[in-house]
Amino acid sequence: ANVGTAITAIIVTLGHLGNGDELEKAFAGAVINFVFKILVVVVLLPVEVTTGYLYYLTKAMLPETVGDGDKWEGPIKQIVSPLSRKIIIANKKVIEEISGGEVESCESYYPTTCAGGVVSYDTCEQGLIGCDKKTNKCPAFFRDGSTKSDDMVSGGVCLFLALFLLILCLMGLVALLRKMLLGASTRIIYKATNINGYLAILIGCGVTVLVQSSSITTSTLVPLAGIGVLKLEQMFPLTIGADIGTTFTALMAAMVSTKVEALQVALVHLFFNLTGFVMYYPIPFMRRIPLRIARKLGKATRMWRTFPIVFVLAAFILVPLLLFGLSTLFDQTAVGWVVLGSFLVICMGLGLIYFIFWWRFRDGGRKMAACMARRQRKSAAQKNLPDDMDYLKADMEFVKSEIVKLKDFAGVIESGL
C-alpha cells in the first residue's frame, strides 16, 4: 500500500508526453518516490522476516489499552465524504464478518431486501453497498432486491468514473501549473524551493499533514519538476517528508480507536518511512542511489516516449498480479500447487540473475537503449509520415514543372537550329 501511492504522481507525468524535456524531468521527479520506497522494501522486508524489527519496535511502544473515542476524520474527508456517501457506500461489515467467520461468503447477503419497500438504513438488509447510519439514507447505487453481480457492476462503474475523474483532474493540474509558472513566478518559486534538504523534509511533512494525502503533495510537485522549477535533488527530500507526513493521518485515527493493533499498524507505517529516511538521505553516498536510478528512468523517456505508460502497467499491475498469483499457490492445500509455486520462484530467480548478468556484462543496457531508440524513431516516422508524403508530393510537382520547362527550352533551341 505504501508503494502503491506513488502511482498518482507517475500518472501526472502523462500530461507532459508532448514535451520530451518536461517529460524526462517530470518522470524522474515522480518516480523518485517509487524508487525510494522500493529500495526501503528491498532492505526492510528480509530484515523484518528474519528479526521482526518493526514488529518488536512498535510493540514495545504500545500501551496496554487504547481509550475509546469518536471516530477521527481528516479535513479533506469531511469535505468530500458527504458527497461521496450520496453516490456509493462500501459496507465494511461484510469484510469484518467474513474474516471473522460469522458469514461464509458474500452470497449470504443477497438478495438485498427492504421491509415494506422503504429504502433506508434501518429497513434494508445490505450487501457490498451499504447505507448511511447517521442519515438513515441509502446512496444512489443502492437498490432493493439487488444481487451480488448488481453491486459488483455498480462498484466497477464507480471505480472507472473515479479513475477517469482523477486522471482528468491531474491533467488539469498540470496544465494550470504550467500556465501559472511562467516568467517571474518561476524564478520566485525556484528561489523559494532552493532550501536545505532537512528543512524541505519538514515542509513536505507539514503540507501533507494539512492536506492528509502524500499523493496530493507529490502530484503538485511533479509539474514543478517538469518545467525545471524544482530540481530532482530538491524533489527528493520533499517526497520523503510527504511520506512521513501521511503516516500522521493513520496515527491520529488509531489514537481514537479501541484496538491496540490499529495503533501498532500506524506506528509500523511511521517507522517504515523513518527508517527509510535514515538509510537513504543523511549519507550522501546512499542518497545518490535513488537519485541515480530516477535519472536513468527519466532518460528512458527520451528514447521511448511511451515508457511511463509501460512502466505503470508493469510496476503496478503485472508484477503485483504475478506475485499475488505465486503467493496463492503456496496457500493451497495440494502439494502439487506448492511444488509448482516453488518451481516458478526458482525460474524467476534464475531469470533475474541472468538479466543482471546480461545487463552488466553483456552490454544489455546499451542494447536495450538502442532498441528503445529504434522504437521511438519508428513511432516518430509513422507520426510524421503524412506530412512527409505531402512534402514529397510537393517536391515531385516541382520536379515535374522543372522538367517541362527544360523540355520547352530544349524545343526552342532545336527549332532555332
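On a predicted model such as this, the values are computed, not experimentally measured, just so you know.

## Examining the overall build of the protein chain
When you go through the protein chain residue by residue, the secondary structure sums to 16 helices and zero strands. When burial is assessed residue by residue, the protein chain has 34% of its 417 residues classed as buried. Look at the contacts in the protein chain between residues 6 or more apart in sequence, and 70% of them connect residues 24 or more apart. As displayed, the protein chain has an accessible area near 25500 Å², and 68% of this comes from carbon and sulfur atoms.

## Observations concerning the packing of helix α2 (residues 20–51) against helix α3 (residues 53–60)
Running from N to C, α2 and α3 cross one another at 70 degrees; their axes reach a closest spacing of 6 Å. Taken together, the axes of α2 and α3 lie roughly perpendicular to each other. Residue-level inspection shows L44, V47, E48 and T51 of α2 in contact with α3, the latter providing Y53, L54, Y55 and Y56. Along the lines of polarity and charge, the residues of the contact of α2 with α3 split into six nonpolar, one polar and one charged.

## Digging into the pattern of salt bridges
Enumeration according to the criterion identifies seven salt bridges in this entry. The partner of R302 in a salt bridge is E24, and the shortest N-O contact between them spans 2.6 Å. Here E24 lies in helix α2 and R302 lies in helix α13 (residues 284–303), a separation of 278 residues in the sequence. Assessed through its relative accessible area of 43%, R302 is described here as partly exposed. Of the residues examined, E24 reaches a relative accessible area of 18% and is grouped as buried.

## Some details on the layout of surface pockets
Roughly 2200 Å³ of volume is contained in the second largest pocket. In this structure, the second largest pocket is lined by 41 residues; those nearest its centre are F34, L297, F311, L352 and F355. If you tally residues by element for the lining of the second largest pocket, the top one is helix α14 (residues 307–330), at eleven residues. Considering only residue class, the lining of the second largest pocket consists of 35 nonpolar, three polar and three charged.

## Digging into the state of the cysteines
Working definition: the covalent bond between the sulfur atoms of two cysteines is a disulfide. All chains considered together, the criterion is met by two disulfides. The disulfide that involves C114 links it to C124, with 2.0 Å between the sulfurs. Here the S-S torsion is close to 110 degrees, and the disulfide linking C114 with C124 is therefore right-handed. Of the two residues, C114 sits in the loop between α5 (92–99) and α6 (148–180) while C124 sits in the loop between α5 and α6, which places them ten residues apart along the sequence. Like C114, the residue C124 is buried in the burial classification. Here C131 engages in a disulfide with C138; their sulfurs sit 2.0 Å apart. Here C131 and C138 share a disulfide; its torsion about the S-S bond, 90 degrees, makes the bridge right-handed. Each bonded cysteine in the protein chain gets a number by its place in the sequence, and the pairs come out as 1-2, 3-4.

## Here's the deal with the packing of aromatic side chains
Under the defined criterion, the tally for this structure stands at 15 aromatic pairs. Judged by centre distance (5.3 Å) and plane angle (55 degrees), the ring pair of F34 and F316 falls under tilted. A residue pair is termed long-range when its members are at least 10 positions apart, and F34 in helix α2 and F316 in helix α14 qualify at 282 residues. The exposure class of F316 is buried, given its relative accessible area of 16%. Considering the side-chain rings of F36 and F236, the 5.8 Å spacing of their centres and the 70 degrees angle between planes classify their relative orientation as edge-to-face. Here F36 is found in helix α2, whereas its partner F236 is found in helix α10 (residues 232–245), with 200 residues between them in sequence. For F236, a relative accessible area of 1% puts it in the buried group. Within the aromatic cluster, the residues linked to one another by ring pairs are F36, Y198, F236, F277, Y280 and Y281. Between the NZ or CZ atom of R287 and the centre of the ring of Y281, over which it lies, the distance is 4.4 Å.

Calculation criteria
- Residues numbered from 1 in each chain as written.
- Predicted model: local features only at pLDDT ≥ 70, side-chain atom pairs only at ≥ 80, totals over all residues.
- Heavy atoms only, no water.
- Helix = DSSP H or I, 4+ residues; strand = E, 2+ residues; numbered from the N terminus.
- Buried < 20%, exposed > 50% of the residue type's maximum accessible area, 1.4 Å probe, protein only.
- Contact = heavy atoms within 4.5 Å.
- Areas by Shrake-Rupley, 256 points an atom, 1.4 Å probe, with all protein chains shown as cover.
- Axes fitted to C-alpha atoms, helices over the stretch in contact; angles between N-to-C directions.
- Parallel < 35°, antiparallel > 145°, perpendicular 65-115°, else oblique.
- Nonpolar A, V, L, I, M, F, W, Y, C, P; charged D, E, K, R; others polar.
- Salt bridge = Lys/Arg side-chain N within 4 Å of Asp/Glu carboxyl O.
- 1 Å grid on protein atoms, 1.4 Å probe; cavity = no way out; pocket = protein on both sides within 12 Å on 5 of 7 lines; lining within 4 Å.
- Points joined across faces, edges and corners; volume = space filled by probe spheres on them.
- Disulfide = S-S within 2.5 Å.
- Phe/Tyr/Trp six-rings, centres within 6.5 Å; stacked < 30°, edge-to-face > 60°.
- Lys NZ or Arg CZ within 6 Å of the ring centre and 35° of its normal.

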